[in-house]
Amino acid sequence: MEVGESIAAWIRPERAATQYFIKKARSSVDGYELSLSSNGQVFVRFNQGSAGNDFKLLSLSPYPVDGQTWMHIAATYDGLSIRLYVDGVLESSLDAPALQIGVNDLDLSLGAQDNGTKPFQGALDQVHLFDVALTHDELLNLIGA
């Protein structure tokens, strides 16, 4: 992968649980994911296989579980920092200048891990992957589109 990356999607969760909605990794295989934790937070994680949770970033805001409320989730990595956005607002960031996102042969999975593990319960729409880190203004334009 390139040094920069952006992952974004609209989600409408129906319940609080560990759920994968964009994933190109496994616990033992480096890559990336944009997921939901059972504690009610959205998270982005890079390279779990080699780095564990060193490059995992949690949202500050909880995600809705009413099955009615849409939210836009985006994560960027610009070669220096990981950033997590909820509805266009920067929720959290993490310095990660040593991160080199792992490349793998796994399928890109939407709505679960590539083997069907931890399926997302809700709706997923307008998934975007970029090999550059979008700016905040570009993310806002993406949400508006």
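To keep things clear, this report deals only with the structure shown in the data block. Since the structure is predicted, the reported quantities are computational estimates derived from the model, not experimental observations. (Residues numbered from 1 in each chain as written. Predicted model: local features only at pLDDT ≥ 70, side-chain atom pairs only at ≥ 80, totals over all residues. Heavy atoms only, no water.)

Our next topic: the overall build of the protein. Scanning the protein from terminus to terminus reveals 2 helices and 10 strands. Element order for the protein, N to C, with α for helix and β for strand: β-β-β-β-α-β-β-β-β-β-β-α. For the protein, the proportion of its 145 residues judged to be buried stands at 49%. Long-range contacts, defined as pairs at least 24 residues apart, comprise 60% of the intrachain contacts of the protein with a sequence gap of at least 6. As displayed, the protein has an accessible area near 6800 Å², and 47% of this comes from carbon and sulfur atoms. (Helix = DSSP H or I, 4+ residues; strand = E, 2+ residues; numbered from the N terminus. Buried < 20%, exposed > 50% of the residue type's maximum accessible area, 1.4 Å probe, protein only. Contact = heavy atoms within 4.5 Å. Areas by Shrake-Rupley, 256 points an atom, 1.4 Å probe, with all protein chains shown as cover.)

Among the 9 residues that make up strand β1 (residues 5-13), 8 are buried, leaving the element largely enclosed by the rest of the structure. Across 7 bridges, the pairing between β1 and strand β6 (residues 71-77) is antiparallel. Opposite W10, over in β6, you have H72 as the bridge partner. As defined by bridge partners, β1 adjoins strand β10 (residues 122-130) across 7 bridges and the pair is classed as antiparallel. Counterpart to P13 in the pairing with β10 is G122. (Pairing = 2+ DSSP bridges.)

What follows is about the sheet that holds strand β4 (residues 41-46). With antiparallel pairing, 5 strands are arranged side by side in an open sheet as β5-β4-β3-β2-β9. Sheet topology places β5 (56-62) and β9 (109-110) at the edges, where each strand pairs with a single neighbour.

On to the side chain of R45, then. Within the secondary structure, R45 is located in strand β4. R45 gets classed as buried once you look at its relative accessible area, which sits at 7%. Among the polar contacts listed, one links the side chain of R45 to the side chain of N53, at a separation of 2.6 Å. (Polar contact = N/O pair within 3.5 Å; in protein donor to acceptor, adjacent residues only side chain to side chain.)

What follows concerns unusual backbone geometry. Not every positive phi belongs to a glycine, and D87 is a case in point at roughly 50°. Summarising the element assignment, D87 is placed in the loop between β7 (81-86) and β8 (89-95). Judged by relative accessible area, D87 falls into the partly exposed class, the value being 41%. Of note, the phi angle at Q126 is positive, near 50°, even though the residue is not glycine. Looking at the element boundaries, Q126 is found in strand β10. Assessed through its relative accessible area of 36%, Q126 is described here as partly exposed.

These figures come from the coordinates and say nothing about function on their own.
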